[in-house]
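# Architecture and fold: a report
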Amino acid sequence: MNFFSGIFKVQQPAQRAFGWADAAVIAIVVVLLYVGVRLAFDTPAAIEGPSISLKPEVLPYYAIRSVGRMAAAYALSLVFALVYGRVAAYHRRAEQIMMPLLDVLQSVPILSFLPVVLLSLSAVLPQSIAAELASIVLIFTSQAWNLVFVWYQSLTTIPNELNEASAIFRFNTWMRFRTVELPFAAIGLIWNSMMSWAGGWFFLMAAEIFTVGERDFRLLGLGAYLHHAADQSDYGAIAWGIGALVLVIVLLDQLVWRPLLAWSDRFSLEMVENDNPPTSWFYDLLQRAHVARWLDRRVRQPLLEAIDALLVRPGGAQSVPLERRASRPWLTYLLILPVGAGIIYGLEQAGEMLVHVPAAQWSAIATGVGATLLRVLTALLVALGWTIPVGVLIGTNPAIAAILQPLVQIAASVPATALFPVLLLVLLQVPGGLNIAAVVLMLMGTQWYLLFNVIAGAAAIPEDLRFTSTLLHLSRWERWRTLILPALFPYIITGAITASGGAWNASIVAEYFQLGGESHQVTGVGALIASATAEGDFRLLLAATLSMILTVVLINRLFWRRLYRRAEEQFRME
Amino acid sequence: MAHLLELKGITQKYGRGDRRFTAVDNVSLAIDEGEFVALLGPSGCGKSTLLRIITGLNQPVEGQVLYRGQPLRGVNPHATIVFQTFALFPWLTVQQNVEVALKARGVPPNLRTVRAIDLLDMVGLDGFETAFPRELSGGMRQKVGFARAMAVEPELLCLDEAFSALDVLSAESLRGELLELWQSGSIPTKAILMVTHNIEEAVFMADRVIVMDKQPGRVIADQKIDLPHPRQRKSPRFLEVLDRVYATLAGQTQPEYVEMGTAPGEAGVTRALPDVSIGELSGLLEFLNDMPANRTDVYRLEQELNLSTDDVLELTEAAELLGFATIAKGDIMLTPLGETFAEASILARKEIFASRIRRLPLFKWLLAMLKAADKGRLDRDVIRLALELEFLPEDAARQVEIAIQWGRYAELLAYDDNTETLYQETGTAVAA
């Protein structure tokens, strides 16, 4: 079960109580939101979207636009992760602020930022650039955090002997990066890049189809194509669009990720050969191709050699300190003072704005949060209901896994947000369809995390325990109660944390949407945020976005964290 | 002329404030060109720490390292280490692993390749250039480690337990090959410093053995080994030297108050419980009980009981601390109490053991704490944190484990793994 064990290598960050760092981070988030909302006051009241063609021949171009956005955001995420993770890993003082910051950032529902980011960017930038940039920022915020975590975690777990060897052989920073750090982190980085891309599609589609009221923020791309097709009820175009999207995802998987995985097997730290290493037909093809070998010998190797020659200077090699540096305190204080002053000023201004939110709106927000919470819970329960039996079936049964695994992987990477407009066409005919549609979107976006976790958990149940339960003639129910459910518990919790985060996120696009020129909404905090954007009610926008973020962070801290800790302590089979 | 390497009053400490531990205490020594020195001692005596200070990987808190008379700053460019765990980069081929050391020094590609291949030939790895470390056996991996170390032509070659992760035969052949290279002068190395806990290995290879002991890590002996090479392990003279070195290490009996130490939190050093299981200890006492006159040479235990030097030292220390055996001049002899224990029934053994460990200050303290605690229960972490005042965190955790193991056996205390609490054994133990 290489695929699954690879994904779940990243642990939850170290468990902390709700501390001053969290408060600081939330303050920063509040101030950022406030600044965004302030800027949003200047947004034009109507924004015209691009004209979207439904001809199939535009699809390659649209696909390239979509992939281009993803690639730009991913490149940004990777660079950000490499720098941020390295600084956090090697500077103890910076680490104390940077890791809690990351921890809160990743539990913030990113989509709730979308309206604020879009509005504030369109206030200061030309419309076409603003929407592009907003989509990239949005995708970035969905891709970066797990990359930072895995890189940071790799850097802090490099075996001491390799650190010492690189010091005794006088590697400089570049040599160390290229020979030790990057190879050691390679597998984790690649797996998490795959996850990041899968998550990124979801947000890309959401950003591409975002329209509220007179403000049309759509972007030329596959998501907008699908949205427009659903708008026009053009079923032929819908089929073309979905086909193109699936094709792009499959191609990326086969031509980029699989080969990378097959290649990265060499970076496995295991000192024994992997029994079934990841394989890729495309990688094998490249290995055999003369062109590829020629390129490797004539271009890649000389290039690397030239870079090395440039960056590794004889005699210039300095020893790498093994002890992590404590940076100069005065520098930190010098930075903290103005930033702190800015934050306090921003907080005060934000408070001012919030005070003017009428009580009726606050109660609407409270109702909305409650309604969205109910939807999130429903989606979670439905997801648990089907993923546990199916996950156990796949996880304990290699034959079934061999058939279902590739299908599940493809299904999981098709972003729910792309299919949503299509789904709506159907569900709008059903009574209560809006509510069902909202729950279904949440479900589609989040059930895969649970499924993958359950599969990983089921596959990790030791065979001898399974045999023992058979030998003891445990009844089916007894077996589930004494073995399977306890063994799955930590995995289910891990999956549920991610899934519920995803469900909250989805509420923004699930609870309010425009289709065929009409806007539909249900009661919920997501709908409040979206309609506040439409109506230009920026106080409400700030209040609702903040309420949602606070709710999610609090639920994470007070509920999921405790469960997670319990699960780790009592049920981990290691 | 200045010594090749000189240490002046090296002291290394870890931790901060109250929780400060001396890993190496005031060590001074010198190594000259042409010497093959073994740094020998039980685990935890600071020999590896000392090696890291000598090579400049770590800085001491006090004292000075002089290399050819010059104070050392940063990593010593003339020294290299062959690591116990090989420290090869798993993602590089054998040849790349050797080349990378040259690359870091800015050696151009063609020269690099030629030298790497030469060195791999020298250690007998020709044909394996493109293999990855995981495809090789432990012995072959360590050969790569040696080739990589030789590649930078070190003046001072340091071996950090370089043979201890290998199987017996590979270790033996690699030792022989190193000695041959060293004695034939075919490598530019000026001196070898070998850190090891294996006394026989030290006596077999080195010209000089520096013996260290723990708590705190310090040098307790510095002896020349003037046996001619090749040395015969079974020869009477070899065994005599072996016995002598063992005598310096085992049975470093000090006055009773030093040996027993003080309770945690009190002034003075708390004696760590030796890291042995009851089964091993009983096995040792039974073995001695079967020997003529209940005595034997300490060095023989290693072969007879199939133990590592470390295990032998920990076991003999435990036996002596509990009064089951005495050690003198490299011989270990059962005391009447030890003899009684070896011949006693299971229950009687428990009683004897309990009466002996009650005397240890650490146990006295622990039992008193339990008695004073609410409902006679104490959190495992409370004890661990209290012990961290005396020991390094990982050692403190280990000490708690040993105390639980011993205490359970002696039925002095019980432990609940679910709640991680220790509690007083009430005598009416409920069968779990």
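Residues numbered from 1 in each chain as written. Chains lettered and ligands numbered in written order. Predicted model: local features only at pLDDT ≥ 70, side-chain atom pairs only at ≥ 80, totals over all residues.

### So, the overall build of chain A
Which entries qualify depends on this criterion: Helix and strand definitions here come from DSSP, where helices need a minimum of 4 consecutive H or I residues and strands a minimum of 2 consecutive E residues; each element is numbered from the N-terminal end. Throughout, the radius of gyration refers to the C-alpha atoms, and the reference size of a globule is 2.2 Å times the residue count to the power 0.38. Residue burial is a threshold on neighbouring C-beta atoms within 10 Å of the residue's own C-beta, all placed from the backbone, with 20 or more meaning buried, 12 or fewer meaning exposed, and counts in between meaning partly exposed. For every residue pair, C-beta atoms are placed from the backbone, and the pair is scored as a contact if these atoms sit within 7 Å.
Counting its regular elements, chain A contains 21 helices and 4 strands. What you see for chain A is a C-alpha radius of gyration of 25 Å, in line with the 25 Å of a compact globule of 574 residues. For chain A, with 574 residues in total, the buried portion stands at 44%. In chain A, 81% of the contacts between residues at least 6 apart in sequence involve partners at least 24 apart.

### Here we look at the overall build of chain B
Regarding its fold elements, chain B presents 16 helices and 16 strands. Here the C-alpha radius of gyration of chain B, 24 Å, is about what a compact globule of 432 residues would show, namely 22 Å. The dimensions of chain B, computed from C-alpha atoms along their principal axes, are 75 × 50 × 45 Å. Across the 432 residues of chain B, 42% fall into the buried class. For chain B, restricting intrachain contacts to residue pairs at least 6 apart in sequence, the fraction spanning at least 24 positions comes to 67%.

### Description of the domain arrangement of chain B
Residue and element names in this part refer to chain B. The line we're drawing: Note that domain bounds follow an automatic or database assignment of domains. Charged residues are taken to be Asp, Glu, Lys and Arg, nonpolar residues to be Ala, Val, Leu, Ile, Met, Phe, Trp, Tyr, Cys and Pro, and polar residues to be all remaining types, Gly included.
By the assigned domains, chain B splits into domain 1 (5-249), domain 2 (274-351) and domain 3 (360-424). Here the C-alpha centroids of domain 1 and domain 2 sit 32 Å apart. Counting residues at the interface gives 11 residues for domain 1, matched by 8 residues for domain 2. No other element matches helix 7 (residues 236-249), which puts 6 residues into the side of domain 1 that touches domain 2. Tallied by class, the residues present in the side of domain 1 that touches domain 2 amount to 6 nonpolar, 3 polar and 2 charged.

### Describing the sheet that holds strand 15 (residues 413-416) of chain B
Residues and elements named next belong to chain B. In plain terms, the rule: In short, DSSP must find at least two bridges between two strands for them to pair. Axis definition: a line fitted to C-alpha atoms, limited for helices to the stretch in contact. Angles are taken between N-to-C directions and run from 0 to 180 degrees.
Pairing is antiparallel in the open sheet, where 3 strands are placed in the order 14-16-15. Of all strands in the sheet, those with a lone pairing partner are strand 14 (377-379) and strand 15, marking the two edges. Sheet twist, expressed as the average angle between the axes of neighbouring strands with direction ignored, equals 25°. One ladder, built from 3 bridges, connects strand 14 with strand 16 (residues 421-424); its direction is antiparallel. Looking at the pairing, aspartate 379 lines up with threonine 421 of strand 16. Across the face of the sheet, helix 15 (residues 380-387) comes into contact with strand 14 and strand 16 while running at roughly 65° to strand 14.

### Some details on the sheet that holds strand 3 (residues 36-40) of chain B
Residues and elements named next belong to chain B. Pairing within the open sheet is mixed, and its 6 strands lie in the order 6-7-8-3-9-10. The open sheet has two free edges, formed respectively by strand 6 (79-82) and strand 10 (218-224), since each of these has just one partner strand. If you compare each strand with its neighbour and ignore which way they point, the axes differ by 20° on average. Relative to strand 8 (residues 191-196), strand 7 (residues 156-160) is paired through 5 bridges, and the arrangement is parallel. The residue bridging leucine 159 from the neighbouring strand is methionine 194, located in strand 8.

### Comments concerning the confidence of the model for chain B
Regions with low pLDDT carry predicted coordinates that are not meant to be interpreted in detail. All names here are of chain B. Just so we agree on the cut-off: For every residue, the predictor assigns a confidence score, pLDDT, that lies between 0 and 100.
Per-residue confidence for chain B gives a mean pLDDT of 86; residues scoring 70 or more make up 95%. Here residues 428-432 scores under 50 on pLDDT; set against residues more than four positions off or in separate chains, the count is 1 contact. Both confidence scores are given for the complex: pTM 0.77, ipTM 0.75.

### Thoughts on the environment of B:Ser277
Tracing the backbone through its elements, the reader meets B:Ser277 in the loop between helix 8 (256-260) and helix 9 (278-290). Separated by 128 residues in the primary sequence, B:Ser277 and B:Gln405 have C-alpha atoms spaced 7.7 Å apart.

### Let's talk about the interface of chain B and chain A
The interface is formed by 24 residues belonging to chain B together with 26 residues belonging to chain A. At the level of elements, strand 6 and helix 2 (94-103) of chain B are the ones that each hand at least two residues to the side of chain B that touches chain A. With 3 residues, the single largest contributor to the side of chain B that touches chain A is helix 2 of chain B. Here the residues of the side of chain B that touches chain A sort into 14 nonpolar, 7 polar and 3 charged.

### Side note on helix 7 of chain B
Our working definition: Helix span, expected: 1.5 Å multiplied by one less than the number of residues in the helix.
Helix length check: helix 7 of chain B, at 14 residues, gives a terminal C-alpha distance of 20 Å against a target of 20 Å (1.5 Å per residue), a fit within 8%. Structurally, helix 7 of chain B contributes buried residues whose contacts are with helix 6 (199-205), strand 9 (208-213), strand 10, helix 10 (298-304) and helix 11 (309-321) of chain B.

### Structural notes on the pairing of strand 6 of chain B
Residues and elements named next belong to chain B. Covered by surrounding structure in strand 6 are Ala79 and Ile81 together with Thr80 and Val82, the residues of both alternating faces. By the bridge criterion, 4 bridges tie strand 6 to strand 7 in an arrangement that is parallel. Following the sheet pairing, threonine 80 is matched in strand 7 by leucine 157.

### Description of the domain arrangement of chain A
All names here are of chain A. Examined at the domain level, chain A breaks down into domain 1 (55-112 + 127-338) and domain 2 (360-574). One C-alpha centre belongs to domain 1, the other to domain 2, and the line joining them spans 25 Å. The interface is formed by 29 residues belonging to domain 1 together with 32 residues belonging to domain 2. When residues of the side of domain 1 that touches domain 2 are traced back to their parent elements, those giving at least two are helix 4 (92-107), helix 8 (173-208), strand 1 (211-212), helix 9 (222-231) and helix 10 (235-264). Top contributing element to the side of domain 1 that touches domain 2 by residue count: helix 9, with 6 residues. Of the residues contributing to the side of domain 1 that touches domain 2, the split by class is 20 nonpolar, 7 polar and 2 charged.

### Quick notes on the environment of B:Glu201
Residue and element names in this part refer to chain B. Checked against the element boundaries, glutamate 201 lands in helix 6. A sequence separation of 161 residues divides glutamate 201 from leucine 40, and the C-alpha atoms of the two residues are 9.6 Å apart. Setting aside residues up to four positions removed in sequence, glutamate 201 forms contacts with Phe163 and Thr196.

### Points about the packing of helix 9 of chain B against helix 11 of chain B
All names here are of chain B. Put simply, the rule is: For classification purposes, an angle smaller than 35 degrees is called roughly parallel, one larger than 145 roughly antiparallel, one from 65 to 115 roughly perpendicular, and anything else oblique.
Close contact between helix 9 and helix 11 brings their axes to 10 Å; oriented N to C, the two are set at 80°. Judged by the inter-axis angle, helix 9 sits roughly perpendicular to helix 11. Contacts between helix 9 and helix 11 involve Glu280, Leu281, Leu284 and Leu285 from the former and Leu315, Ala318 and Ala319 from the latter.

### Structural notes on unusual backbone geometry
Trans peptide bonds make up the majority, and among non-glycine residues the majority have a negative phi. Residue and element names in this part refer to chain B. Across the junction of histidine 229 and proline 230, the peptide omega takes the value -10°, indicating a cis bond. Along the chain, proline 230 turns up in the loop between strand 10 and helix 7. The backbone of glutamate 161 sits at a positive phi, close to 50°, despite the residue not being glycine. Within the secondary structure, glutamate 161 is located in the loop between strand 7 and helix 5 (168-184). The backbone of glutamate 411 sits at a positive phi, close to 55°, despite the residue not being glycine. Looking at the element boundaries, glutamate 411 is found in the loop between helix 16 (393-409) and strand 15.

### A short note on the environment of A:Glu305
Mapping A:Glu305 onto the fold places it in helix 12 (residues 290-311). Taking the C-alpha atoms as reference, A:Glu305 lies 41 Å from A:Met205; in sequence the two are 100 residues apart.

### A word on the confidence of the model for chain A
Residues and elements named next belong to chain A. Across chain A, the average pLDDT comes to 80, with 90% of residues at 70 or higher. The spread of mean pLDDT over the elements of chain A runs between helix 1 (residues 2-7), the lowest at 38, and helix 3 (residues 59-90), the highest at 91. Note on residues 1-16: pLDDT under 50 across the span, and 31 contacts to partners over four residues away in sequence or across chains.

### Observations concerning the packing of helix 5 (residues 114-124) of chain A against helix 6 (residues 127-157) of chain A
A pair of packed helices is captured by two measures, namely the crossing angle of their axes and the spacing between those axes. All names here are of chain A. Operational definition: In a left-handed crossing the near helix is turned counterclockwise from the far helix by less than a right angle, and in a right-handed crossing that turn is clockwise.
Close contact between helix 5 and helix 6 brings their axes to 8 Å; oriented N to C, the two are set at 150°. Along this stretch, helix 5 crosses helix 6, giving a crossing that reads as right-handed. In this structure, helix 5 uses Leu114, Val117, Leu118, Leu121 and Ser122 to contact helix 6, whose residues at the interface are Gln127, Ala130, Ala131, Leu133, Ala134, Val137 and Leu138. Here the contact of helix 5 with helix 6 is built from residues that sort into 10 nonpolar, 2 polar and no charged.

### A closer look at the pairing of strand 9 of chain B
On a regular strand, each side chain points to the face opposite its neighbour's, so the side chains alternate between the two faces of the sheet. Residues and elements named next belong to chain B. Inspection of the sheet shows strand 3 paired to strand 9 by 4 bridges, in the parallel sense. Pairing of valine 37 across the sheet is with arginine 208, part of strand 9. Alignment of strand 9 against strand 10, held across 6 bridges, turns out to be antiparallel. Directly across from methionine 212, in strand 10, lies its bridge partner valine 219. Between strand 9 and the antiparallel strand that follows it, strand 10, lie 4 residues; glutamine 215 among them carries a positive phi value of about 55°.

### Description of helix 6 of chain A
Residue and element names in this part refer to chain A. Condition: The angle separating two fitted axes, one through the seven residues that finish at a residue and one through the seven that start at it, defines the bend at that residue.
Across its 31 residues, helix 6 extends 45 Å between first and last C-alpha, which sits within 8% of the 45 Å expected from 1.5 Å per residue. Where helix 6 bends most, at glutamine 143, the angle is about 30°. Judged by how many residues are buried, helix 6 sits mostly within the fold: 22 of 31 residues are covered.

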